[in-house]
Amino acid sequence: MRVPDIELTEREIELLAQINFGHTRHDELNASLAPMAALSASLLDRGAIPEIRLLYFTDPERNPSGRGKSRQQIFEKNGTAEAEICAHPHFLKFLEYFIYGPDLPKTVIAKFKDVTSCSGYLTGGDVNDLAPEARRFVRSSRLNPHDAADEFHKLVLECDASPSSAESIYKSVRAVK
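Residues numbered from 1 in each chain as written. Predicted model: local features only at pLDDT ≥ 70, side-chain atom pairs only at ≥ 80, totals over all residues. Heavy atoms only, no water.

**Things to note about the packing of aromatic side chains**
Applying the stated rule across the entire model yields 14 aromatic pairs. Here the aromatic rings of Y56 and F94 are separated by 6.4 Å at their centres, their planes lie at 50°, and the arrangement is tilted. You can see Y56 sitting in helix α3 (residues 51-58) and its partner F94 sitting in helix α5 (residues 92-100), a full 38 residues away along the chain. Note on Y56: relative accessible area 2%, which makes it buried. Given a relative accessible area of 7%, F94 falls into the buried group. Every member of this aromatic cluster is reached through a ring pair, and the members are Y56, F57, F75, F91, F94, Y97 and F98. One cation-aromatic arrangement involves R53 over Y97; the distance from NZ or CZ to the ring centre is 5.5 Å. Here R71 stacks its cationic end above the ring of Y56, 3.7 Å away from the centre of that ring. (Phe/Tyr/Trp six-rings, centres within 6.5 Å; stacked < 30°, edge-to-face > 60°. Helix = DSSP H or I, 4+ residues; strand = E, 2+ residues; numbered from the N terminus. Buried < 20%, exposed > 50% of the residue type's maximum accessible area, 1.4 Å probe, protein only. Lys NZ or Arg CZ within 6 Å of the ring centre and 35° of its normal.)

**What about helix α8 (residues 145-158)?**
For α8, with 14 residues, the first-to-last C-alpha span of 20 Å sits near the 20 Å given by 1.5 Å per residue. Buried residues dominate α8, accounting for ten of its 14 residues. Taken as a whole, α8 has its buried residues at A148, A149, E151, F152, H153, K154, L155, V156, L157 and E158. Where α8 begins, one side-chain oxygen reaches toward the backbone nitrogen of H146, 2.7 Å away; that side chain belongs to N144. Just past α8, the residue D160 takes up positive phi, approximately 65°. (Expected span 1.5 Å × (residues − 1). Polar contact = N/O pair within 3.5 Å; in protein donor to acceptor, adjacent residues only side chain to side chain.)

**Section: the layout of surface pockets**
Regions of empty space are outlined by a rolling probe, equal in size to a water molecule, passed over the atoms. In this structure, the largest pocket spans a volume of roughly 800 Å³. Along its surface, the largest pocket is lined by 29 residues, and Y56, K93, F94, D150 and K154 are the ones closest to its centre. Of all the secondary-structure elements, those providing two or more residues to the lining of the largest pocket are α4 (71-77), α5, α8 and α9 (163-174). When the residues that make up the lining of the largest pocket are grouped by side-chain class, the tally is nine nonpolar, ten polar and ten charged. (1 Å grid on protein atoms, 1.4 Å probe; cavity = no way out; pocket = protein on both sides within 12 Å on 5 of 7 lines; lining within 4 Å. Points joined across faces, edges and corners; volume = space filled by probe spheres on them. Nonpolar A, V, L, I, M, F, W, Y, C, P; charged D, E, K, R; others polar.)

This is the structure:
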């Protein structure tokens, strides 16, 4: 089981224990919706979600497949707004990211973050150097390129790269055959 990388209150830990992120059945998903909404509200109310992760959800520039819309705007365009978003089944993957960060091995995350240790952010050149490594990891680990592209996109954003650099990694990983 993954360990949260944000601080949670005791109540939030109890709510988290009721959420099944790896649900395989519809009833499991439905059982997770109320605790998901309560946990999301608590995290948002106390500002516990790192801003960079919130921007992944709210900023159109950080949604390469959104056609100029943020992930939040897509929910709203589809008729789901405000608190309803946090109780929507498709929000589960965003809550998981808010709590745990990118779903990649710690060694991969450390490698990317190590590159940023000198300058504090990933430059375009760094991204160009790391893209082949990301593709190689996806192939060697036999990951689904579509899913892995999203996780690398999140990681690059968390390394303070520009949205365009993160999109470059996203497209590069997604193109893996």
